[in-house]
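Chain by chain, the residues:
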Amino acid sequence: VESTQTPVHNKAIGGEEEGYVLQALQQSGARGRHGNKWDAPMGNLYMSALLRPQCPLNEAGQLSFVVAVALSNALDAYIDPKKHKKTLKWPNDVFVDGLKLSGILLESNLQADGSLDSIVLGVGVNIFKAPEFAIFLQDITKKPIYVNVFRDEFLTSLSEVYSLWENKGFAPIREAWLKQAHGLNEAMTVRLPSETFKGTFGGVDETGALLVQLEDGTQKTIQAGDVHFGDVA
């Protein structure tokens with residue numbers, strides 16, 4: 001397929017029930033946040049899932065953290081924490097040893113009144129291949145990996161963490177995410193459509209928004225943007 005997101009969007013609009021999942025062996029037009037294109041060759045996990053969370057639209061972004069925690073939990077069976085460091089980068093990536101292993105994309109469908117109808121969740125995980133400046137799972141584990149087995153392990157984990165979020169709210173998800181946060185208390189650069197500024201990553205608030213400590217002692221709360229860690233011009 002061009003992208004697993006599009007047919008799952010169509011399923012959502014057509015009334016398909018929550019839990020529908022579509023996997024592709026490769027994608028010719030894979031897309032990420034802001035419409036960014038990326039290569040999706042054979043050998044990795046590419047999938048989209050249909051979710052119908054019963055929540056206000058302004059809470060739907062919390063699902064990015066739900067998915068990241070669920071994916072991290074599934075990866076624990078393959079990554080030795082004594083040899084490799086797994087981190088979760090705001091708002092939607094999983095890193096290992098400072099390199100990107102996986103990306104998450106959330107796209108919403110709205111009802112006529114502007115309320116949330118559904119979320120199409122896209123996930124890509126580098127299993128056997130990775131682009132430049134990224135990492136793939138087979139390279140960092142001695143355990144045999146089968147893409148479809150890992151898919152099912154991730155979906156099982158996602159079901160558990162999604163249920164936790166539905167029943168207990170964002171607090172336990174936020175706590176689990178912060179324990180693995182990429183760059184926590186480190187220098188960062190935030191790029192917004194209207195400005196770019198530097199600060200220190202201070203975590204996320206009770207809604208999932210980014211907290212940035214500025215040099216003058218004030219704090220900024222960012223709902224959406226691109227973040228870079230280290231000395232970025």
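Coordinates for the structure precede this section.
Model, not experiment: these values are computed from the prediction. All residue numbers refer to position in the chain's written sequence, counted from 1. pLDDT decides what is reported in this predicted model: residues at 70 or higher carry local features, side-chain atom pairs at 80 or more are listed and counted, and totals for whole chains, interfaces and linings draw on all residues regardless. The side-chain numbers reported here are obtained from all heavy atoms of the structure, hydrogens and water having been left aside.

Enquirer: Hey, could you run me through the sheet that holds strand β9 (residues 210–213) in this one?
Expert: What holds strands together in a sheet is hydrogen bonding between their backbones, with the strands either parallel or antiparallel. Pairing within the open sheet is antiparallel, and its 5 strands lie in the order β10-β9-β8-β7-β11. The open sheet terminates on both sides in strands that have one partner only, identified here as β10 (219–222) and β11 (226–229). The mean inter-strand angle of the sheet, taken between neighbouring strand axes irrespective of direction, is 45°. Here, any two strands with at least 2 DSSP bridges between them count as paired. Numbering of helices and strands starts at the N terminus; helices are DSSP runs of H or I of at least 4 residues and strands are runs of E of at least 2. Two elements, strand β7 (residues 187–191) and β11, share 4 bridges in a ladder whose sense is antiparallel. Counted as the bridge partner of Val190 is Val227 from β11. The convention used is that axes are lines fitted to C-alpha atoms, helices contributing only their stretch in contact, and that angles between N-to-C directions extend from 0 to 180 degrees.

Enquirer: Before we go on, may I ask you to explain the pattern of salt bridges in this structure?
Expert: In a structure, side chains of opposite charge can pair up when their charged atoms sit close to one another. For this document, the term salt bridge refers to a Lys or Arg side-chain nitrogen within 4 Å of an Asp or Glu carboxyl oxygen. Following the criterion strictly, the structure yields 6 salt bridges and no others. Notably, a salt bridge pairs Lys220 with Glu195, separated by 2.9 Å at the nearest N-O pair. Separated by 25 residues along the polypeptide, Lys220 in strand β10 and Glu195 in the loop between β7 and β8 (196–204) bring together distant segments of the chain.

Enquirer: Can you help me understand unusual backbone geometry in this one?
Expert: Peptide bonds are trans in most cases, and residues, glycine excluded, mostly fall at negative phi. Here the residue pair Trp90 and Pro91 is connected by a cis peptide bond, since its omega of 0° sits within 30 degrees of zero. Mapping Pro91 onto the fold places it in the loop between β3 (86–89) and β4 (93–96). Despite not being glycine, Asp97 shows a phi value in the positive range, around 55°. Tracing the backbone through its elements, the reader meets Asp97 in the loop between β4 and β5 (99–110). Each residue gets one of three labels from its accessible area relative to the maximum for its type: buried under 20%, exposed over 50%, partly exposed in between, using a 1.4 Å probe on protein chains only. The partly exposed category is assigned to Asp97, whose relative accessible area is 37%. Not every positive phi belongs to a glycine, and Asn185 is a case in point at roughly 65°. Structurally, Asn185 is set in the loop between α4 (171–178) and β7.

Enquirer: It is not clear to me how the packing of aromatic side chains should be interpreted in this structure. Could you clarify?
Expert: By convention, a stacked pair of Phe, Tyr or Trp rings (six-membered ring in the case of Trp) has centres within 6.5 Å and planes under 30 degrees apart, an edge-to-face pair has planes over 60 apart, and any other such pair is tilted. Within the structure shown, the criterion is met by 6 aromatic pairs. Note on Phe65 and Trp177: the rings are 5.1 Å apart at their centroids and 75° apart in plane angle, and the pair reads as edge-to-face. Here Trp177 lies in helix α4 and Phe65 lies in helix α2 (residues 63–75), a separation of 112 residues in the sequence. As far as the burial class goes, Phe65 and Trp177 line up, both buried.

Enquirer: Would you explain the packing of α2 against α4 in this entry?
Expert: Packed helices, taken two at a time, are described by their axes: the angle between them and the distance between them. Between α2 and α4, whose axes approach to 9 Å, the crossing angle comes to 55°. Taken together, α2 and α4 sit at an angle that is classed as oblique. Judged by the sense of rotation from one axis to the other, the crossing of α2 with α4 is left-handed. The residues of α4 that touch α2, namely those facing Phe65, Val66, Ala68 and Val69, are Ile173, Ala176 and Trp177. Gly falls in the polar group here, along with every residue not listed as nonpolar (Ala, Val, Leu, Ile, Met, Phe, Trp, Tyr, Cys, Pro) or charged (Asp, Glu, Lys, Arg). Here the contact of α2 with α4 is composed, by residue class, of 7 nonpolar, no polar and no charged. We call two directions roughly parallel when the angle between them is under 35 degrees, roughly antiparallel when it is over 145, roughly perpendicular when it lies between 65 and 115, and oblique otherwise. In this scheme the crossing of two helices becomes right-handed for a clockwise turn of the near helix relative to the far one and left-handed for an anticlockwise turn of less than a right angle. Two residues form a contact once any of their heavy atoms are found within 4.5 Å.

Enquirer: Just to check I follow, could you spell out the sheet that holds β5 for this structure?
Expert: Reading across from one edge, β1-β2-β6-β5-β4-β3 is the order of the 6 strands in this open sheet, with antiparallel pairing throughout. Each having just a single partner strand, β1 (21–24) and β3 make up the two edges of the open sheet. Across the sheet, the mean angle from the axis of one strand to that of its neighbour is 15°, orientation sign disregarded. Lying on the sheet, α2 is in contact with β2 (45–51), β3, β4, β5 and β6 (116–125); it crosses β5 at an angle near 145°. Where helix α3 (residues 147–168) meets the sheet, its contacts fall on β1, β2 and β6, and the angle it forms with β2 comes to roughly 30°.

Enquirer: Would you mind showing me how to read the layout of surface pockets here?
Expert: Site definitions follow a grid-based scheme: protein atoms alone, a 1 Å grid, a 1.4 Å probe that fits but cannot get out for cavities, and for pockets an open set with protein on both sides within 12 Å along at least five of seven lines, plus lining residues having an atom within 4 Å of a point. Grid points are joined across faces, edges and corners, and a volume is the space filled by probe spheres set on the points. Volume-wise, the second largest pocket comes out at about 560 Å³. Of all the secondary-structure elements, those providing two or more residues to the lining of the second largest pocket are α2 and β5. If you tally residues by element for the lining of the second largest pocket, the top one is β5, at 5 residues. Of the residues belonging to the lining of the second largest pocket, the class tally is 11 nonpolar, 10 polar and 3 charged.

Enquirer: Where do I start with the environment of Leu22 in this structure?
Expert: For Leu22, the location among the structural elements is in strand β1. Between the C-alpha atoms of Leu22 and Ile145, which are 123 residues apart in sequence, the distance is 20 Å. With residues near it in sequence (within four places) discarded, Leu22 still touches Thr4, Pro7, Val8, Tyr46, Met47 and Ser48.

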